[in-house]
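Geometric and topological summary
Here is how the chains run, residue by residue.
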Amino acid sequence: MRAGQAIAAAFWLAFALGTIYAGRNLGLGSLHDPGSGFMIFWVGVAMAVLSLATLIASARQPAGEALGALWTGLRWRVIPYVTVLLVLYALLLPVLGFPLVTVLLMLLLFKTVEQQNWAVAIGGALASAGAAYLVFGRWLGTQLPSGTIWEMLS
Amino acid sequence: MDILHNMALGFSVALQATNLLYCFIGVFIGTLVGVLPGIGPVAAMSLLLPVTFNSSPEAGIIMLAGIYYGSMYGGSTTAILVNIPGEAASVVTTLDGYKMAQQGRAGPALGIAAFGSFIAGTFAVIGLMIVAPALARLAVKFGPAEYFSLMILGLSIVAYLSHGPLLKALTMACVGLVLGLVGLDSINGSARLTFNQLELIDGVGLVPIVMGLFGVAEIFSNLERKLTREIFDTRVRGLLPSKQDWKESGWPIARGSVLGFLLGILPGGGAVISSFISYALEKRISKTPEAFGKGAIAGVAGPESANNAAAGGGFIPLMTLGIPPNVVMALLLGAFIVHGLQPGPLLMVQNPNIFWGIVASMYIGNIMLLILNLPLIGLWVQVLKIPYKILFPMILLFCLIGVYSTSSSIFDLYVMISFGVLGYLMRKFEYEPAPLVLAFVLGQIMENNLRKALIISNGEFSTFIERPISLVCLILAAAILLSPLLPKLRARRKELAVEEAN
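Residues numbered from 1 in each chain as written. Chains lettered and ligands numbered in written order. Predicted model: local features only at pLDDT ≥ 70, side-chain atom pairs only at ≥ 80, totals over all residues. Heavy atoms only, no water.

The secondary structure content of chain A amounts to 6 helices and 0 strands. When the helices and strands of chain A are read in sequence order from the N terminus, they spell out α-α-α-α-α-α. By principal-axis analysis of the C-alpha atoms, chain A measures approximately 60 × 50 × 30 Å. Expressed as a percentage of contacts within chain A between residues at least 6 apart in sequence, the contacts between residues at least 24 apart total 59%. Surface accessibility of chain A: about 8,100 Å² in total, with carbon and sulfur atoms responsible for 71%. Of the charged side chains in chain A, 7 are positive and 4 negative; the average position of the first set lies 10 Å away from that of the second. (Helix = DSSP H or I, 4+ residues; strand = E, 2+ residues; numbered from the N terminus. Contact = heavy atoms within 4.5 Å. Areas by Shrake-Rupley, 256 points an atom, 1.4 Å probe, with all protein chains shown as cover. Lys, Arg positive; Asp, Glu negative; His and termini not counted. Charge placed at Lys NZ, Arg CZ, Asp CG, Glu CD.)

At the interface, 65 residues of chain A touch 59 residues of chain B. Between chain A and chain B, a total of about 5,600 Å² is buried, with carbon and sulfur atoms accounting for 79% of that surface. Linking chain A with chain B are 0 salt bridges, by the criterion used here. Where chain A packs against chain B, one counts 12 residue pairs in polar contact (both at pLDDT 80 or more). Elements with a minimum of two residues in the side of chain A that touches chain B: helix 1 (2-26), helix 2 (38-60), helix 3 (78-96), helix 4 (98-113) and helix 5 (118-139) of chain A. Sort the elements by how many residues they give to the side of chain A that touches chain B and helix 3 of chain A lands first, with 11 residues. When grouped by side-chain class, the residues that make up the side of chain A that touches chain B number 48 nonpolar, 14 polar and 3 charged. (Buried area = accessible area lost by both parts, 1.4 Å probe. Salt bridge = Lys/Arg side-chain N within 4 Å of Asp/Glu carboxyl O. Polar contact = N/O pair within 3.5 Å; in protein donor to acceptor, adjacent residues only side chain to side chain. Nonpolar A, V, L, I, M, F, W, Y, C, P; charged D, E, K, R; others polar.)

A few words on the pattern of salt bridges. Residues and elements named next belong to chain B. Under the counting rule described, the total for this entry stands at 10 salt bridges over all chains. For Arg 451, the salt bridge identified is with Asp 185, shortest N-O distance 3.1 Å. Note that Arg 451 is positioned in helix 20 (residues 433-456) and Asp 185 in the loop between strand 1 (183-184) and strand 2 (191-192), a separation of 266 residues in sequence. Judged by its relative accessible area of 2%, Arg 451 falls in the buried class. Of the charged contacts in the structure, one is a salt bridge between Arg 255 and Glu 282, with a shortest N-O distance of 2.8 Å. Taken together, the residues Arg 255 in helix 10 (residues 243-265) and Glu 282 in helix 11 (residues 271-285) connect sequence positions 27 residues apart. For Arg 255, a relative accessible area of 27% puts it in the partly exposed group. Connected through salt bridges with shared partners, the residues Asp 185, Arg 192, Glu 447 and Arg 451 form a single ionic network. (Buried < 20%, exposed > 50% of the residue type's maximum accessible area, 1.4 Å probe, protein only.)

Counting residues in hydrophobic clusters, the biggest one holds 211 residues, and the most contacted among them are Val82(A), Tyr89(A), Leu109(A), Tyr68(B), Phe315(B), Phe336(B) and Val359(B). In terms of residue count, helix 6 (residues 106-139) of chain B provides more of this core than any other element does, 15 residues in total. (Core = buried A, V, L, I, M, F, W, Y, C linked by side-chain atoms within 4.5 Å.)

The relative placement of two packed helices comes down to the angle between their axes together with the axis-to-axis distance. Residues and elements named next belong to chain B. One can describe the packing of helix 18 (residues 388-407) onto helix 19 (residues 410-428) by two numbers: an axis separation of 8 Å at closest approach and a directional angle of 135 degrees. On the basis of their axis angle, the class for helix 18 and helix 19 is oblique. For the pair helix 18 and helix 19, the sense of crossing is right-handed. In this structure, helix 18 contributes Cys 399, Leu 400, Val 403, Tyr 404 and Ser 407 to the contact, and helix 19 contributes Ile 410, Asp 412, Leu 413 and Met 416. When grouped by side-chain class, the residues that make up the contact of helix 18 with helix 19 number 7 nonpolar, 1 polar and 1 charged. (Axes fitted to C-alpha atoms, helices over the stretch in contact; angles between N-to-C directions. Parallel < 35°, antiparallel > 145°, perpendicular 65-115°, else oblique. Left-handed = near helix turned anticlockwise from the far one by under 90°.)

Let us look at helix 3 of chain A. Compared with the 27 Å implied by 1.5 Å per residue over 19 residues, the 25 Å span of helix 3 of chain A between its first and last C-alpha is a close match. Approximately 30 degrees is the largest bend angle found in helix 3 of chain A, and it occurs at Ala90(A), with the proline Pro94(A) only one to four residues beyond. Check the buried side of helix 3 of chain A and you find it contacts helix 4 and helix 6 (148-153) of chain A together with helix 9 (206-224), helix 18 and helix 19 of chain B. (Expected span 1.5 Å × (residues − 1). Bend = angle between axes of the 7 residues up to and from the residue.)

Below, the discussion takes up the packing of aromatic side chains. All names here are of chain B. Taken as a whole and assessed by the stated rule, the structure comprises 17 aromatic pairs over all chains. Ring geometry for Phe 115 versus Trp 246: centroids 5.6 Å apart, planes at 55 degrees, classification tilted. Placement of the pair is Phe 115 in helix 6 and Trp 246 in helix 10, with a sequence separation of 131 residues. Phe 115 gets classed as buried once you look at its relative accessible area, which sits at 17%. Taking the relative accessible area as the measure of exposure, Trp 246 reaches 32% and is therefore partly exposed. Relative to Tyr 424, the ring of Phe 220 lies with its centre 6.1 Å away and its plane at 90 degrees, an arrangement referred to as edge-to-face. You can see Phe 220 sitting in helix 9 and its partner Tyr 424 sitting in helix 19, a full 204 residues away along the chain. Both residues of the pair, Phe 220 and Tyr 424, count as buried. (Phe/Tyr/Trp six-rings, centres within 6.5 Å; stacked < 30°, edge-to-face > 60°.)

As for its placement among the helices and strands, Asn307(B) is situated in helix 12 (residues 298-313). Among all residues touching Asn307(B), those that are not within four sequence positions of it are Met72(B), Ala89(B), Ser90(B), Ala271(B), Ser274(B) and Ser275(B).

So, on to helix 1 of chain A. Here helix 1 of chain A contains 25 residues, and its C-alpha end-to-end distance of 36 Å stays within 8% of the 36 Å for a straight helix at 1.5 Å per residue. Those residues of helix 1 of chain A that fall on the buried side of the exposure criterion are Gly4(A), Gln5(A), Ala8(A), Ala9(A), Trp12(A), Leu13(A), Ala16(A), Thr19(A), Ile20(A), Ala22(A) and Gly23(A). Contacts from the buried residues of helix 1 of chain A go to helix 2 of chain A together with helix 8 (166-180) and helix 19 of chain B. The positive-phi residue at the C-terminal boundary of helix 1 of chain A is Gly27(A), with phi of around 105 degrees.

With that settled, consider a nonpolar patch on the surface. A cluster of nonpolar side chains, namely Val84(A), Leu88(A), Leu91(A), Leu92(A) and Val95(A), defines an oily patch on the protein surface of about 380 Å² accessible area. Mapped onto the fold, Val84(A) is located in helix 3. (Patch = residues over 30% accessible without salt bridge, like charges linked within 9 Å, V, L, I, M, F, W, Y side chains within 5 Å.)

All names here are of chain B. The share of residues in chain B with pLDDT of 70 or more is 92%, and the mean pLDDT across the chain is 84. Mean pLDDT per element in chain B: helix 23 (residues 487-501) is the minimum at 56, and helix 19 is the maximum at 94. Scored below 50 in pLDDT, residues 498-502 shows 9 contacts in the model against residues more than four places distant or in partner chains. Across the assembled chains, the prediction reports ipTM 0.94 with pTM 0.82. (pLDDT = per-residue confidence, 0-100.)

This is the structure:
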């Protein structure tokens, strides 16, 4: 776990350094009249100190298990798979429209993540897309995307 | 007499048909998300935040508040019948509640959880009525220095009470503060950290961040391990506790109510911690501590009362100081702001109907919950039987469309997905999301108060230690942050974290 902790601390340290840089660029102002970057800069400094301390603490830990141990025995492949599906959903939603993309996403989630039979997958996909439409589209009046491709085709 | 007059005003608002309906929807959904493991009150409240856009401010906030305290009720059902806490505040209820169910006493366990929650919830509302006006009068004397120091204290407590190492929790608070400062500078109007993205001019949305960190990340964590649960498959009977049950539960309920209420007021306190402390307290003062963990009804009554009282107590700092003491209250603050209201000492003067309407609705909500939880227990048991493999795609879809509906922005979907992945990795590496979200909400307010305090004092940092309230807050914050250096206190913090994580 030492490697994992060190990687995480290094990530936040890099984030902190970026924050310090951004804060300085925005302008620190003076103590009489603090500028836009004043708080960002000092929070960045605090974050850098904290993540550096975490990094040092992780270096002092015994080596322990490797980073991969965090995912041993778990279905970790599901996470990137579902993430890609969600990103594709966000990409295709304005193009293909809410009904088609939603049914497709739900069908894939039902059928491929937990391997439901076709009847459950199709029924679940249609029912959940319908329920989401009723709640958000009808009840709350959200303008759900109808799909630019259909507008172009018509 | 003032209180009676104010309560009459509050009930006249809360008893309006629309507000009653929203209160019912809130407590019903709250109980539902409390019952269902895998979706908590934070995710549910952010999902339903858009619902409040079309309603009056009081109706929307009544509903969101109902979700919060409703989930405290619902969480106990899952804890007792399935041995899985429906939400974090019911973790300790599993210890004795499930044991009672195994011994054929699921009914009294559910009954005492519901009655204890009702009594504690009512106690918290009465406390809120009495304490809030007094605290609001005091809060009028607060200047920017006091507000800034109080927020530092709140963040310190939240970081201290987090599961993982304190350094990591404080790092997360810093990340939250930076994220909260994205967008237009509220003092001079310049764009900050927007990377030329128009969508970031108004800042990063609270809903996509919360839905990502608490909704999507939770689903990811559940998906990678097969979620199995054994439901206690016997008809639940005899929900009314016996005389002996009441005798054993009376004082735990009373102590849990007071303890939970007081801890709920403290920034960073809240339902989870109060339930653990109540359990530890009951076990320590019990004449039969060996019975705890083996089906002691006091082990259900105390913590369940404490978490409900804390849910009520948490409204005090939000409504009187405008400072959310925990993530749930941070979401409620978001709801207030969406409706153009600023919670704080002036809320009950400028919008007495809203303030007292919300307070009165909590009385009504508690009665609704008692009615919902006892006769409808069979329905909640059926809900528990829905397999997670059917539930998770629906929860994901509602997260996606819920986020889209708040802003009609595809960009927010990417924000939610990114924070979902980040939240999942944070769990892996023991970084807590709660300090991040609370700091995110407080970021702008904190910066405003810091800059104002410095401008007013001509750039003198001593203003923060010259003002007594500010000084006390800073001393307390420093004591909390430095306390892990003392071995005994470090051990106690670890103990609390382990209890909570378990």
